[in-house]
Amino acid sequence: MPDTLSRFLGGLQKNVSLKKYTTFRIGGNAKYFFIARTIPLVIKAIKVARDLRTPFFILGGGSNLVVSDKGFSGLVVHIQTKKYRIEAGKFFCEAGVSMATLVKETGKRGLSGFEWAGGLPGSVGGAIRGNAGAFKGEIKDNILWVIALDKKGREKLFLRNRCKFSYRSSLFKEKGLVILSAAFSLKKGNKRAIQSIAADHIAYRKERHPLEYPNAGSVFKNCDLKKFSLALQKKLQPAVKIDPFPVVPTAYLNDQAGLKGVRQNAIQVSVKHPNCMVNLGKGKAKDVILLMQKVKKIIKKKFGVELEQEIEFVE
Ligand SMILES: Cc1cc2nc3c(=O)[nH]c(=O)nc-3n(C[C@H](O)[C@H](O)[C@H](O)COP(=O)(O)OP(=O)(O)OC[C@H]3O[C@@H](n4cnc5c(N)ncnc54)[C@H](O)[C@@H]3O)c2cc1C
(Lines give C-alpha, C1' and ligand atoms only; values in the text may rest on other atoms or scores of the structure.)
Protein backbone atom coordinates (compact mmCIF):
# COMPACT_ATOMS: atom_id res chain seq x y z
CA MET A 1 0.00 0.00 0.00
CA PRO A 2 2.62 2.63 0.96
CA ASP A 3 4.54 2.11 -2.27
CA THR A 4 1.34 2.45 -4.29
CA LEU A 5 0.56 5.73 -2.55
CA SER A 6 4.06 7.10 -3.34
CA ARG A 7 3.75 5.94 -6.94
CA PHE A 8 0.63 8.06 -7.46
CA LEU A 9 1.65 11.05 -5.36
CA GLY A 10 5.03 12.55 -6.18
CA GLY A 11 6.48 14.41 -3.20
CA LEU A 12 4.73 12.18 -0.66
CA GLN A 13 6.60 12.15 2.67
CA LYS A 14 6.54 9.42 5.28
CA ASN A 15 6.56 9.51 9.09
CA VAL A 16 6.35 13.26 9.44
CA SER A 17 5.99 14.73 12.93
CA LEU A 18 2.74 16.69 13.13
CA LYS A 19 3.92 18.70 16.12
CA LYS A 20 5.37 21.50 14.07
CA TYR A 21 2.25 21.71 11.92
CA THR A 22 -0.05 22.50 14.84
CA THR A 23 -0.13 25.54 17.11
CA PHE A 24 -0.45 23.22 20.17
CA ARG A 25 2.84 21.45 19.26
CA ILE A 26 1.40 18.11 20.35
CA GLY A 27 1.20 14.68 18.76
CA GLY A 28 2.94 11.91 16.90
CA ASN A 29 3.74 11.32 13.24
CA ALA A 30 1.61 11.21 10.14
CA LYS A 31 2.33 7.91 8.40
CA TYR A 32 2.00 9.72 5.05
CA PHE A 33 2.18 13.48 4.59
CA PHE A 34 1.51 15.44 1.43
CA ILE A 35 1.73 19.18 0.89
CA ALA A 36 -0.79 20.22 -1.78
CA ARG A 37 0.13 23.60 -3.27
CA THR A 38 -2.45 23.61 -6.06
CA ILE A 39 -6.14 22.71 -6.21
CA PRO A 40 -5.58 19.88 -8.74
CA LEU A 41 -3.06 18.38 -6.28
CA VAL A 42 -5.57 18.58 -3.41
CA ILE A 43 -8.12 16.79 -5.58
CA LYS A 44 -5.59 14.21 -6.72
CA ALA A 45 -4.33 13.43 -3.18
CA ILE A 46 -7.88 12.85 -1.98
CA LYS A 47 -8.75 10.72 -4.97
CA VAL A 48 -5.65 8.57 -4.49
CA ALA A 49 -6.40 8.15 -0.78
CA ARG A 50 -10.02 7.22 -1.53
CA ASP A 51 -9.09 4.83 -4.34
CA LEU A 52 -6.56 3.08 -2.12
CA ARG A 53 -8.92 3.14 0.87
CA THR A 54 -6.37 5.05 2.93
CA PRO A 55 -7.87 7.26 5.65
CA PHE A 56 -7.00 10.90 5.09
CA PHE A 57 -7.06 14.09 7.12
CA ILE A 58 -7.11 17.65 5.80
CA LEU A 59 -4.71 19.95 7.61
CA GLY A 60 -5.09 23.70 7.24
CA GLY A 61 -3.27 26.04 9.62
CA GLY A 62 -3.37 23.45 12.45
CA SER A 63 -4.72 26.01 14.92
CA ASN A 64 -7.67 24.03 16.25
CA LEU A 65 -6.16 20.57 16.65
CA VAL A 66 -4.92 18.06 19.20
CA VAL A 67 -3.04 15.33 17.38
CA SER A 68 -2.97 11.94 19.11
CA ASP A 69 0.32 10.92 20.76
CA LYS A 70 0.25 7.92 18.42
CA GLY A 71 -0.04 10.20 15.39
CA PHE A 72 -2.22 9.52 12.36
CA SER A 73 -1.88 6.24 10.52
CA GLY A 74 -3.22 7.50 7.17
CA LEU A 75 -2.47 10.37 4.79
CA VAL A 76 -2.39 13.97 5.99
CA VAL A 77 -3.08 16.39 3.14
CA HIS A 78 -1.70 19.78 4.14
CA ILE A 79 -3.53 22.40 2.06
CA GLN A 80 -1.09 25.09 1.04
CA THR A 81 -2.99 26.63 -1.88
CA LYS A 82 -2.31 30.34 -1.62
CA LYS A 83 -3.82 32.09 -4.64
CA TYR A 84 -6.22 34.98 -4.21
CA ARG A 85 -7.47 37.98 -6.16
CA ILE A 86 -9.52 41.03 -5.34
CA GLU A 87 -11.94 42.30 -7.92
CA ALA A 88 -14.87 44.72 -7.75
CA GLY A 89 -15.05 44.61 -3.96
CA LYS A 90 -14.89 40.83 -3.84
CA PHE A 91 -12.17 38.58 -2.43
CA PHE A 92 -11.70 35.28 -4.29
CA CYS A 93 -9.30 32.82 -2.72
CA GLU A 94 -8.12 29.27 -2.40
CA ALA A 95 -8.68 27.44 0.88
CA GLY A 96 -5.03 27.55 1.96
CA VAL A 97 -4.88 31.36 2.10
CA SER A 98 -4.34 32.46 5.69
CA MET A 99 -6.93 34.53 7.51
CA ALA A 100 -4.09 36.97 8.25
CA THR A 101 -3.65 37.52 4.49
CA LEU A 102 -7.37 38.05 4.03
CA VAL A 103 -7.49 40.65 6.82
CA LYS A 104 -4.33 42.43 5.65
CA GLU A 105 -5.04 42.51 1.92
CA THR A 106 -8.65 43.65 2.26
CA GLY A 107 -7.75 46.22 4.94
CA LYS A 108 -5.06 47.84 2.88
CA ARG A 109 -7.51 48.34 0.01
CA GLY A 110 -10.07 49.93 2.31
CA LEU A 111 -12.44 46.98 2.02
CA SER A 112 -14.53 46.42 5.12
CA GLY A 113 -15.85 43.07 6.40
CA PHE A 114 -12.95 41.24 8.03
CA GLU A 115 -11.98 43.62 10.81
CA TRP A 116 -13.35 41.10 13.34
CA ALA A 117 -10.78 38.50 12.18
CA GLY A 118 -7.71 40.55 13.12
CA GLY A 119 -5.35 38.07 14.81
CA LEU A 120 -7.45 34.98 14.02
CA PRO A 121 -5.01 32.18 13.19
CA GLY A 122 -5.52 29.50 10.56
CA SER A 123 -6.59 29.20 6.94
CA VAL A 124 -9.72 30.31 5.10
CA GLY A 125 -10.71 26.63 4.61
CA GLY A 126 -10.47 25.86 8.34
CA ALA A 127 -12.37 29.04 9.21
CA ILE A 128 -15.22 28.25 6.78
CA ARG A 129 -15.55 24.68 7.99
CA GLY A 130 -15.88 25.76 11.63
CA ASN A 131 -17.60 29.08 10.86
CA ALA A 132 -14.89 30.80 12.90
CA GLY A 133 -15.94 33.95 14.68
CA ALA A 134 -14.86 36.63 17.12
CA PHE A 135 -15.80 40.17 18.19
CA LYS A 136 -19.38 39.66 16.97
CA GLY A 137 -18.29 38.66 13.46
CA GLU A 138 -18.32 35.25 11.78
CA ILE A 139 -16.80 34.06 8.53
CA LYS A 140 -20.29 33.33 7.22
CA ASP A 141 -21.18 37.05 7.26
CA ASN A 142 -19.36 37.84 4.02
CA ILE A 143 -19.43 34.56 2.13
CA LEU A 144 -20.83 34.61 -1.41
CA TRP A 145 -20.04 31.03 -2.31
CA VAL A 146 -17.78 28.08 -1.50
CA ILE A 147 -16.43 25.41 -3.85
CA ALA A 148 -15.95 22.06 -2.13
CA LEU A 149 -15.37 18.45 -3.05
CA ASP A 150 -18.26 16.15 -2.35
CA LYS A 151 -17.85 12.59 -1.07
CA LYS A 152 -17.55 11.33 -4.65
CA GLY A 153 -14.71 13.75 -5.41
CA ARG A 154 -16.83 16.11 -7.52
CA GLU A 155 -16.33 19.87 -7.28
CA LYS A 156 -19.54 21.59 -6.22
CA LEU A 157 -20.49 25.21 -5.76
CA PHE A 158 -22.44 26.10 -2.62
CA LEU A 159 -24.09 29.49 -2.41
CA ARG A 160 -24.06 31.01 1.07
CA ASN A 161 -27.62 29.98 1.92
CA ARG A 162 -26.75 26.34 1.21
CA CYS A 163 -23.70 26.25 3.52
CA LYS A 164 -25.77 25.63 6.69
CA PHE A 165 -23.62 27.89 8.83
CA SER A 166 -24.29 27.83 12.55
CA TYR A 167 -22.29 28.39 15.73
CA ARG A 168 -18.83 26.93 14.92
CA SER A 169 -20.32 24.66 12.30
CA SER A 170 -21.27 24.36 8.64
CA LEU A 171 -22.45 21.89 6.03
CA PHE A 172 -18.78 21.20 5.25
CA LYS A 173 -18.15 20.14 8.85
CA GLU A 174 -21.37 18.12 9.07
CA LYS A 175 -20.69 16.23 5.86
CA GLY A 176 -16.87 16.15 5.90
CA LEU A 177 -16.53 18.05 2.60
CA VAL A 178 -13.16 19.44 1.54
CA ILE A 179 -13.22 23.18 0.85
CA LEU A 180 -11.21 24.24 -2.21
CA SER A 181 -12.00 27.93 -2.67
CA ALA A 182 -14.42 30.68 -1.72
CA ALA A 183 -15.58 34.18 -2.58
CA PHE A 184 -16.41 36.97 -0.14
CA SER A 185 -18.20 40.26 -0.63
CA LEU A 186 -16.86 43.38 1.08
CA LYS A 187 -17.89 46.99 1.44
CA LYS A 188 -15.87 50.03 0.53
CA GLY A 189 -14.88 51.83 3.72
CA ASN A 190 -12.31 54.02 5.35
CA LYS A 191 -8.92 52.32 5.06
CA ARG A 192 -7.46 53.81 8.26
CA ALA A 193 -10.55 52.93 10.31
CA ILE A 194 -10.66 49.35 8.97
CA GLN A 195 -6.97 48.75 9.64
CA SER A 196 -7.19 50.30 13.07
CA ILE A 197 -10.10 48.04 14.15
CA ALA A 198 -8.23 44.93 12.95
CA ALA A 199 -5.07 46.14 14.73
CA ASP A 200 -7.05 46.67 17.95
CA HIS A 201 -8.27 43.07 17.77
CA ILE A 202 -4.72 41.82 17.23
CA ALA A 203 -3.57 43.83 20.24
CA TYR A 204 -6.49 42.57 22.35
CA ARG A 205 -5.56 38.97 21.51
CA LYS A 206 -1.91 39.57 22.38
CA GLU A 207 -2.96 40.91 25.75
CA ARG A 208 -5.65 38.34 26.58
CA HIS A 209 -4.59 35.12 24.83
CA PRO A 210 -1.72 32.93 25.98
CA LEU A 211 0.26 33.45 22.77
CA GLU A 212 3.53 32.98 24.63
CA TYR A 213 2.74 29.23 24.89
CA PRO A 214 1.69 26.71 22.26
CA ASN A 215 -2.11 26.37 22.42
CA ALA A 216 -5.10 25.61 20.20
CA GLY A 217 -7.40 28.48 21.11
CA SER A 218 -10.63 27.83 23.01
CA VAL A 219 -10.91 24.26 24.22
CA PHE A 220 -14.67 24.40 24.81
CA LYS A 221 -17.46 26.31 23.12
CA ASN A 222 -19.04 29.12 25.09
CA CYS A 223 -22.23 28.08 26.89
CA ASP A 224 -25.65 28.98 25.60
CA LEU A 225 -27.30 31.05 28.37
CA LYS A 226 -30.54 29.06 27.94
CA LYS A 227 -28.81 25.90 29.21
CA PHE A 228 -28.44 27.26 32.75
CA SER A 229 -31.10 27.13 35.45
CA LEU A 230 -33.21 30.29 35.68
CA ALA A 231 -31.55 31.24 38.96
CA LEU A 232 -28.10 30.94 37.40
CA GLN A 233 -29.17 32.82 34.26
CA LYS A 234 -29.92 35.78 36.52
CA LYS A 235 -26.75 35.44 38.53
CA LEU A 236 -24.51 35.05 35.47
CA GLN A 237 -26.08 38.00 33.62
CA PRO A 238 -23.11 40.38 34.09
CA ALA A 239 -20.82 37.89 32.30
CA VAL A 240 -23.12 37.27 29.32
CA LYS A 241 -21.90 38.24 25.87
CA ILE A 242 -23.39 37.95 22.41
CA ASP A 243 -21.42 35.38 20.39
CA PRO A 244 -23.56 35.51 18.19
CA PHE A 245 -26.41 34.65 20.65
CA PRO A 246 -26.34 35.15 24.44
CA VAL A 247 -23.60 32.95 25.93
CA VAL A 248 -21.70 32.70 29.16
CA PRO A 249 -18.00 32.60 28.28
CA THR A 250 -16.48 29.29 29.34
CA ALA A 251 -13.37 31.24 30.37
CA TYR A 252 -15.55 33.00 32.96
CA LEU A 253 -17.00 29.72 34.26
CA ASN A 254 -13.55 28.14 34.51
CA ASP A 255 -12.26 31.18 36.35
CA GLN A 256 -15.20 31.11 38.81
CA ALA A 257 -14.60 27.40 39.37
CA GLY A 258 -10.97 28.09 40.36
CA LEU A 259 -9.56 26.22 37.39
CA LYS A 260 -6.96 28.79 36.31
CA GLY A 261 -3.49 27.26 36.36
CA VAL A 262 -4.70 23.70 37.07
CA ARG A 263 -2.26 21.24 35.51
CA GLN A 264 -2.08 17.76 34.11
CA ASN A 265 1.63 17.16 33.60
CA ALA A 266 2.74 19.68 30.94
CA ILE A 267 -0.78 20.78 30.00
CA GLN A 268 -2.21 23.67 31.99
CA VAL A 269 -5.46 25.63 32.07
CA SER A 270 -4.18 29.05 31.00
CA VAL A 271 -4.02 31.65 33.73
CA LYS A 272 -4.41 34.39 31.12
CA HIS A 273 -7.41 32.87 29.31
CA PRO A 274 -8.92 29.98 31.29
CA ASN A 275 -10.80 28.49 28.31
CA CYS A 276 -7.41 27.81 26.67
CA MET A 277 -5.00 25.10 27.64
CA VAL A 278 -1.31 25.70 27.15
CA ASN A 279 1.51 23.30 26.43
CA LEU A 280 4.26 24.04 28.94
CA GLY A 281 6.77 21.85 27.14
CA LYS A 282 6.38 18.20 26.39
CA GLY A 283 2.59 18.22 26.39
CA LYS A 284 0.75 15.03 25.45
CA ALA A 285 -2.69 14.59 23.91
CA LYS A 286 -3.56 12.16 26.71
CA ASP A 287 -2.99 14.92 29.26
CA VAL A 288 -5.25 17.28 27.28
CA ILE A 289 -7.98 14.62 27.43
CA LEU A 290 -7.55 14.08 31.17
CA LEU A 291 -7.56 17.80 31.91
CA MET A 292 -10.64 18.31 29.73
CA GLN A 293 -12.47 15.56 31.63
CA LYS A 294 -11.55 17.20 34.92
CA VAL A 295 -12.74 20.65 33.77
CA LYS A 296 -16.01 19.22 32.42
CA LYS A 297 -16.71 17.40 35.66
CA ILE A 298 -16.09 20.46 37.83
CA ILE A 299 -18.18 22.77 35.61
CA LYS A 300 -21.05 20.28 35.50
CA LYS A 301 -21.01 20.04 39.29
CA LYS A 302 -20.80 23.80 39.88
CA PHE A 303 -23.05 25.14 37.10
CA GLY A 304 -25.07 22.11 35.93
CA VAL A 305 -24.01 22.48 32.26
CA GLU A 306 -22.18 20.09 29.98
CA LEU A 307 -19.23 21.78 28.26
CA GLU A 308 -18.98 21.06 24.54
CA GLN A 309 -15.56 20.63 23.04
CA GLU A 310 -14.43 23.15 20.40
CA ILE A 311 -10.95 21.82 19.62
CA GLU A 312 -10.66 18.79 17.41
CA PHE A 313 -8.80 15.54 18.03
CA VAL A 314 -6.87 13.88 15.21
CA GLU A 315 -6.32 10.15 15.66
C1 LIG B 1 -4.55 31.62 19.77
C2 LIG B 1 -5.79 31.12 19.07
C3 LIG B 1 -6.92 31.92 19.02
C4 LIG B 1 -8.07 31.46 18.37
N5 LIG B 1 -9.16 32.28 18.33
C6 LIG B 1 -10.27 31.87 17.69
C7 LIG B 1 -11.42 32.71 17.62
O8 LIG B 1 -11.42 33.83 18.11
N9 LIG B 1 -12.51 32.23 16.98
C10 LIG B 1 -12.56 31.00 16.40
O11 LIG B 1 -13.58 30.63 15.82
N12 LIG B 1 -11.49 30.17 16.46
C13 LIG B 1 -10.35 30.57 17.09
N14 LIG B 1 -9.26 29.74 17.14
C15 LIG B 1 -9.34 28.39 16.58
C16 LIG B 1 -8.86 28.30 15.13
O17 LIG B 1 -8.00 29.36 14.81
C18 LIG B 1 -10.00 28.29 14.15
O19 LIG B 1 -10.83 27.20 14.42
C20 LIG B 1 -9.49 28.20 12.70
O21 LIG B 1 -10.54 28.61 11.85
C22 LIG B 1 -9.00 26.83 12.28
O23 LIG B 1 -8.43 26.94 10.98
P24 LIG B 1 -7.17 26.07 10.56
O25 LIG B 1 -6.86 26.35 9.14
O26 LIG B 1 -6.04 26.26 11.52
O27 LIG B 1 -7.77 24.61 10.68
P28 LIG B 1 -7.05 23.29 11.23
O29 LIG B 1 -6.77 23.45 12.68
O30 LIG B 1 -5.94 22.90 10.34
O31 LIG B 1 -8.23 22.25 11.04
C32 LIG B 1 -9.44 22.38 11.77
C33 LIG B 1 -10.50 21.51 11.08
O34 LIG B 1 -10.77 22.08 9.80
C35 LIG B 1 -10.55 21.09 8.79
N36 LIG B 1 -10.07 21.79 7.59
C37 LIG B 1 -8.99 22.61 7.44
N38 LIG B 1 -8.94 23.07 6.18
C39 LIG B 1 -9.99 22.52 5.53
C40 LIG B 1 -10.47 22.59 4.18
N41 LIG B 1 -9.87 23.30 3.24
N42 LIG B 1 -11.59 21.87 3.87
C43 LIG B 1 -12.23 21.12 4.79
N44 LIG B 1 -11.81 21.00 6.07
C45 LIG B 1 -10.71 21.71 6.43
C46 LIG B 1 -9.53 20.12 9.38
O47 LIG B 1 -9.62 18.85 8.74
C48 LIG B 1 -10.01 20.08 10.81
O49 LIG B 1 -11.11 19.22 10.88
C50 LIG B 1 -8.10 30.18 17.77
C51 LIG B 1 -6.94 29.38 17.81
C52 LIG B 1 -5.80 29.84 18.44
C53 LIG B 1 -4.57 28.98 18.46
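So, how was this worked out
- Residues numbered from 1 in each chain as written.
- Predicted model: local features only at pLDDT ≥ 70, side-chain atom pairs only at ≥ 80, totals over all residues.
- Heavy atoms only, no water.
- Pairing = 2+ DSSP bridges.
- Helix = DSSP H or I, 4+ residues; strand = E, 2+ residues; numbered from the N terminus.
- Axes fitted to C-alpha atoms, helices over the stretch in contact; angles between N-to-C directions.
- Phe/Tyr/Trp six-rings, centres within 6.5 Å; stacked < 30°, edge-to-face > 60°.
- Buried < 20%, exposed > 50% of the residue type's maximum accessible area, 1.4 Å probe, protein only.
- Lys NZ or Arg CZ within 6 Å of the ring centre and 35° of its normal.
- Contact = heavy atoms within 4.5 Å.
- Near = heavy atom within 4 Å.
- Polar contact = N/O pair within 3.5 Å; in protein donor to acceptor, adjacent residues only side chain to side chain.
- Areas by Shrake-Rupley, 256 points an atom, 1.4 Å probe, with all protein chains shown as cover.
- Domains from an automatic or database assignment.
- Buried area = accessible area lost by both parts, 1.4 Å probe.
- Salt bridge = Lys/Arg side-chain N within 4 Å of Asp/Glu carboxyl O.

## Considering the sheet that holds strand 5 (residues 72-79)
1) Next: The four strands are arranged 1-2-5-3 in an open sheet whose pairing can be described as mixed. Either end of the sheet is taken by a strand with one partner, and the two such strands are strand 1 (13-17) and strand 3 (56-59). Averaged over all pairs of adjacent strands, the angle between strand axes in this sheet comes to 40°, irrespective of strand direction.

## Remarks on the packing of aromatic side chains
1) Next: This model, assessed by the stated rule, comprises ten aromatic pairs.
2) Next: Measuring from ring centre to ring centre gives 5.2 Å for Phe114 and Phe184, while their planes differ by 90°; the resulting arrangement is edge-to-face. Taken together, the residues span a long stretch of sequence, with Phe114 in the loop between strand 8 (111-112) and helix 4 (124-129) and Phe184 in strand 13 (residues 178-185) at a distance of 70 residues. Comparing Phe114 with Phe184 shows no difference in burial state: the two are buried.
3) Next: The interplanar angle of 80° and the centroid separation of 5.3 Å between the aromatic rings of Tyr167 and Phe245 together place this pair among those described as edge-to-face. Separated by 78 residues along the polypeptide, Tyr167 in the loop between strand 12 (155-159) and helix 5 (171-175) and Phe245 in the loop between strand 17 (241-242) and strand 18 (246-248) bring together distant segments of the chain.
4) Next: Accessibility expressed as a relative area gives 28% for Phe245, which makes it partly exposed.
5) Next: Three or more aromatic residues joined by ring pairs form one cluster here, namely Phe114, Trp116 and Phe184.
6) Next: Its guanidinium or amino end placed over the ring of Phe8, Arg7 lies 5.9 Å from that ring's centre, counting from NZ or CZ.
7) Next: Above the ring of Phe92, the side-chain terminus of Arg85 is found at 4.2 Å from the ring centroid.

## Looking at the sheet that holds strand 20 (residues 267-269)
1) Next: With respect to topology, four strands assemble into an open sheet ordered 15-21-20-19, the strand pairing being antiparallel. Edge positions in the sheet fall to strand 15 (215-218) and strand 19 (263-264), since each of these pairs with one other strand and no more.
2) Next: Where strand 15 meets strand 21 (residues 276-279), two bridges bridge the pair, whose relative direction is antiparallel. Bridge pairing links Asn215 to Val278 in strand 21.
3) Next: Running at roughly 25° to strand 20, helix 9 (residues 285-303) makes contact with strand 19, strand 20 and strand 21 of the sheet.

## Some points on the site of the ligand
1) Next: Near the ligand you find 34 residues, and of these Ile58, Ser63, Ser123, Gly133 and Glu312 are the closest.
2) Next: At 2.8 Å, a backbone N or O of Gly61 approaches an oxygen atom of the ligand.
3) Next: Within the contact set of the ligand, a nitrogen atom lies 2.7 Å away from a backbone nitrogen or oxygen of Gly133.
4) Next: When the ligand is considered free in solution it has 970 Å² of accessible area, and contact with the protein chains removes 93% of it.
5) Next: The set of elements that each furnish at least two residues to the shell around the ligand consists of strand 3, helix 4, strand 9 (133-134), strand 13 and strand 15.
6) Next: Tallying contributions element by element places helix 4 first for the shell around the ligand, with four residues.

## Some remarks on unusual backbone geometry
Note: most peptide bonds trans; most residues except glycine with negative phi.
1) Next: A positive phi is found at Ala88, a non-glycine position, where the angle reads about 45°.
2) Next: With a phi close to 50°, Lys164 is a non-glycine residue in the positive phi region.
3) Next: With respect to the helices and strands, Lys164 occurs in the loop between strand 12 and helix 5.
4) Next: By relative accessible area, which is 46% here, Lys164 ends up partly exposed.

## Considerations on the domain arrangement of the protein chain
1) Next: What the domain assignment lists for the protein chain is domain 1 (2-79), domain 2 (84-194) and domain 3 (210-314).
2) Next: The straight-line distance from the C-alpha centre of domain 1 to that of domain 2 is 23 Å.
3) Next: For the pairing of domain 1 and domain 2, the buried interface totals around 910 Å² over both sides, and the portion due to carbon and sulfur atoms is 69%.
4) Next: Summed over the shared surface of domain 1 and domain 2, the number is zero salt bridges.
5) Next: At the boundary of domain 1 with domain 2, the tally comes to two residue pairs in polar contact (both at pLDDT 80 or more).
6) Next: Elements that contribute at least two residues to the side of domain 1 that touches domain 2 include exactly helix 2 (39-51) and strand 3.

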